[in-house]
Amino acid sequence: MPYLSWVDGNQLVRHAFHEACRVGRDPLACAVAHPQLAELSREHAAIDRLGAIWWLRDLDSANGTLLNGRPLLHPQGNALQDGDTLELGGWRLTFNEGFPGLDGTVFAERVGDLFQEVRPEPAQAMVLIRSIELLQRATEKLLRQVDADGMVKGLLEESLHLLSGDRGFLVMRTKEGAWRTAHRVGDVQEGIGLSRSVLDYVAREHTAVMSNQPLADPRFGGLSLVELHRGSLLCAPMVDEGDLHGALYIDREAEGRPFTRFDLAVFQAFVRLGSMALHQAMLNRRALSHAEQQGELLRLRTERQREADRHGELLTALAAPLRRVQSWAEGLPGLAGEAIRGQLDQMTALFEHGSQEGHTEPTPMAGHPMQVAALQEELVQRWESLLRLRKVWLNAGPAPAASVWMPGGSLVVALAGLVEPMLMQLQEGSALSTRWDQERGSWILRLGLPQGLHGPIPDAWTQRMLQEAGVRWHWADQALDLFLPEGPDAMPEEPSRPLLGLVSDELNLLGLFQTVAEAGNLWLHPLEQEPPPPPLPKFRFLVVDARGTQDLEGCIRAYRRHPSFATTPILVVRCTEDETPRLIEAGATDWLTEGFRWEALHHRLQVLRGHTELQQRALATERLESFRQMAGTLKHEINNPLAIISMQVEMLQRKYPEEVKLAKIGEMVDRIRALVQVLQKMRETPTEDYADGSSILRLG
C-alpha cells in the first residue's frame, strides 16, 4: 500500500491511499490537504495509477510541483518510486511504497534477500554462512515431510528453531477473511494468542514485518496487542501465485532479545521456501486423490467386467439344459405339449437377449416395419395354445392392411410377458377379444378381457423393453390397449438421464463427480455460481463445492430462489462443521465435510434421492386427501339442488304425462345422481399400489 508522509511540527503524519488521489489546499476536493498553506493551489497535483506504477501530475498549479527537487518534465506526469520527495508550494512530502518512518532496527519491513541485507563487513560473512547453513538444514527437514499436515507443523517448528523463538503460530486465511490457527508451538498461554492487527497488516501489505517494541509500533494497535506482553516478533505472509493463504508468526518474550533486520531476511526466505513446498505438497495430495479416484474407477470397471463374465458363464451353462428340455418337449403330445414348447421358445428368446446384454459392447439392432396381420398372427399363435389349454375362447378381429415399427430385439417376447400373466387368470369358458384402432402415429391393439381381472403388473425387464420399443399400454374398463408406433418418426425420443449439477471452480473434482454420476445413471452438468436463467431441464441433485465457491451462502440462496431448483436437494461438499448451520439456513439440504470418499458421496446422493421420493409421496397423499375432501363437499352441494330438481320434475310428469322432454330431464337427473355416487366412492375407496410405484383409486 502506498503512503504519503510529511512532518507537522515534530510529528510524522502518514496518509495511506488505495486509489488515485489529489493533493492541495481544499480538504473537500483533495484527499491530502493543507488548508493553512497559502502557496498551495486549491487542487495542486494528482497522483494516478497506471497498472502497477503510480504517477505524479501537476494540475496547472500557481507555484508548480517538484519531484526530487526537479520540476515535472512531462505534462502527463512522472513515475513515482519508493522514497521520492514531492514539493508543492513549499510543502514537502515523501512517497513510500511501504509504511514510512521505520528505522530498520526496531521496526522493519520490506527487506531484500539474504545477500542484499548483508553489510560489507568481515564479520557479516560468518553470519551469512551460518544463516545459509541453518536455512539449508531447516529446508531439508521441511522437504522430508510428505503430506501437507506434516509440512505445516514442520514449517513452524523449524522456523522457531532457526531463529530461536519462544513460541509460534501458523495461521491460514479463510474465504470470509478470518484467520484460523493451523498449528502452534511453544509457550502458548490459554486464551492469549497473537495480535489480529499484526496479521491484518501483513495480509494487507503482503510483506514480512519485524517489531522489537510491539506496543510502540505505529503500524499495529488493538487490545490483543496490549495483552501479549511480547518483547519482539516476526511475521511473514504465505503467498502462492499472488494469493495470500496464511501467515507465519514467531516471537520472543524477553525484551532484551531483539530480532535483527537480517533475521527478518532469513525468516522471509524460509517462509517463501516453505510456501512453495506447501504448495507442492497440496498439489501432490490432489494428484494422489485423483490417482485414488482413477484407481477406484478402474476397480469398479474391473468388477463390472468380472460380473459380466460371470453372467456370460452362467448363461452358457444354462444353454445346455435348455436345449435338452426343448428336445424332450418335441415329443410331448396335445395342448400341454404345445403350450410348453411355446414357453420354451420364449425362454430361448430371453436367453439370447440376455447373452447380448451381457456382452461388454452390444451391437445395436436396426428396426424394420412389420405388417399388422403378421404381428397379430404371431401373437395369436403364442397365446392360442395357452388359451386352448385353459379352455378360453379367443375372438380375434380383422387386422388392418398397415404396418407397425419393430425396433428389433425381443419386443414380441415383451408383449407376451405383459399379456400372458393376465391370460393365466382367465376362468374356464370365458372369452377374449381383440380389435385394432388407429390414433395419430400409432396403431392400437385392444384386448377385451372379462370382469374380475386385475390390471397388468409387468416385470422390470418387460417394462424396460416396451419403453425402449416405444410401446405404451393403458388399462381401463377391463380393456388393455397396446399403442404400437407406425414408424421410426413416431418413436419417442430416448429419455435423457436426470442431471447432477456441480458448482465448483476446481476442475480436479470433475473426475470424481463424473464417476459418481455414471454410477447413479446421471448426467454431470457443471454450473456457475449464479444460476442460469429459466427454463432449465430438471436437476435431480445440485452439489455446491464450499472450497470452489466465492460466496457460498449467496450461491445456495440464489439457486434455492430459482424456480428450477426450488425443490432440488442441495448437497454442500468440503465444508466445515461450523458452517453447516448457516448453510442449512441458506437452503442446503445436506453436507459432506473435507476428505469425503467416492463411496460416501454416492451413498449420500442415494439417501437424498430416497428422501425426495418420500417427500413426493407425502405430497401426493396430501393432494389425494384434499381431492377426497373436495369430492365429499361437491357431493353434498350437488345433492341438495338435485333433490329439488328431481322432485319438481316428478310433479311436472304427473301433471303432464305426455310431455317427452320431462322424461329426458329425469334421465339426465339420474345420470347426475350416478356421477355423484362416483364422487362418494372417490371419498371412501382406498388406494391400490402397483409394482411400478403408481397408485390408483378403484371405483368399480
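Treat the numbers as computed from the prediction; the structure is a model and nothing was measured. (Residues numbered from 1 in each chain as written. Predicted model: local features only at pLDDT ≥ 70, side-chain atom pairs only at ≥ 80, totals over all residues. Heavy atoms only, no water.)

Observations regarding the pattern of salt bridges
Note the threshold: We count a salt bridge whenever a side-chain nitrogen from Lys or Arg sits within 4 Å of a carboxyl oxygen from Asp or Glu. Helix and strand assignments come from DSSP, with helices taken as H or I runs of at least 4 residues and strands as E runs of at least 2, each series counted from the N terminus. Type-normalised accessible area, obtained with a 1.4 Å probe on protein chains alone, sets the label of each residue: buried when under 20%, exposed when over 50%, and partly exposed for intermediate values.
Applying the stated rule across the entire model yields 24 salt bridges. A salt bridge links aspartate 481 to arginine 446; the nearest nitrogen and oxygen atoms lie 2.6 Å apart. Of this pair, aspartate 481 sits in strand S24 (residues 479–485) while arginine 446 sits in strand S22 (residues 442–448), placing them 35 residues apart in sequence. Given the relative accessible area of 23%, arginine 446 is considered partly exposed. Here glutamate 650 and arginine 654 are joined by a salt bridge, their closest N and O atoms 3.0 Å apart. One end of the pair is glutamate 650 and the other is arginine 654, both in helix H14 (residues 598–655) and 4 residues apart, which spans about a single turn. Under the relative-accessibility criterion, glutamate 650 is labelled partly exposed at 40%. Look at arginine 654 and you get exposed, because its relative accessible area is 66%. In the salt-bridge network here, residues are joined through shared partners; they are Glu109, Arg110, Arg204, Glu205, Asp217 and Arg219.

Focus on the packing of aromatic side chains
For clarity, the threshold we go by: Centres within 6.5 Å make a pair out of two Phe, Tyr or Trp rings, where for Trp the six-membered ring is used; the pair is then stacked when the planes are under 30 degrees apart, edge-to-face when over 60, and tilted otherwise. Here, a charge over a ring means that NZ of Lys or CZ of Arg falls within 6 Å of the ring centre while also lying within 35 degrees of the ring normal.
By the definition in use, this model includes 9 aromatic pairs. Here phenylalanine 17 and phenylalanine 95 contribute two aromatic rings whose centre-to-centre distance is 6.5 Å and whose plane-to-plane angle is 45 degrees, an arrangement assigned as tilted. Within this pair, whereas phenylalanine 17 is found in the loop between strand S2 (11–16) and strand S3 (21–24), its partner phenylalanine 95 is found in strand S11 (residues 91–96), the two being separated by 78 residues in sequence. Taken together, the ring pairs in this structure connect Tyr3, Phe99, Tyr201 and Phe220 into an aromatic cluster. Between the NZ or CZ atom of arginine 173 and the centre of the ring of tryptophan 179, over which it lies, the distance is 4.7 Å. Across from the ring centre of phenylalanine 483, 4.5 Å away, lies the NZ or CZ of arginine 472, which sits over that ring.

Things to note about empty space enclosed by the protein
Which entries qualify depends on this criterion: The definitions used throughout rest on a 1 Å grid laid over the protein atoms alone, on which a cavity is an enclosed set of points accommodating a 1.4 Å probe that cannot get out and a pocket is an open set flanked by protein within 12 Å on both sides along at least five of seven lines; lining residues are those having an atom within 4 Å of a point. Grid points are joined across faces, edges and corners, and a volume is the space filled by probe spheres set on the points. Under the scheme applied, nonpolar residues are Ala, Val, Leu, Ile, Met, Phe, Trp, Tyr, Cys and Pro; charged residues are Asp, Glu, Lys and Arg; polar residues are all the others, including Gly.
Applying the stated rule across the entire model yields 2 cavities of 30 Å³ or more. By volume, the largest cavity is sized at about 50 Å³. Looking at the largest cavity, the residues that line it are Val516, Gly520, Leu522, Arg540, Phe541, His602, Leu605, Gln606 and Arg609. Those elements that place two or more of their residues in the lining of the largest cavity are strand S27 (539–545) and H14. Tallying contributions element by element places H14 first for the lining of the largest cavity, with 4 residues. Looking at the lining of the largest cavity, its residues break down into 4 nonpolar, 3 polar and 2 charged.

As far as function goes, none of this settles anything; it's purely spatial.
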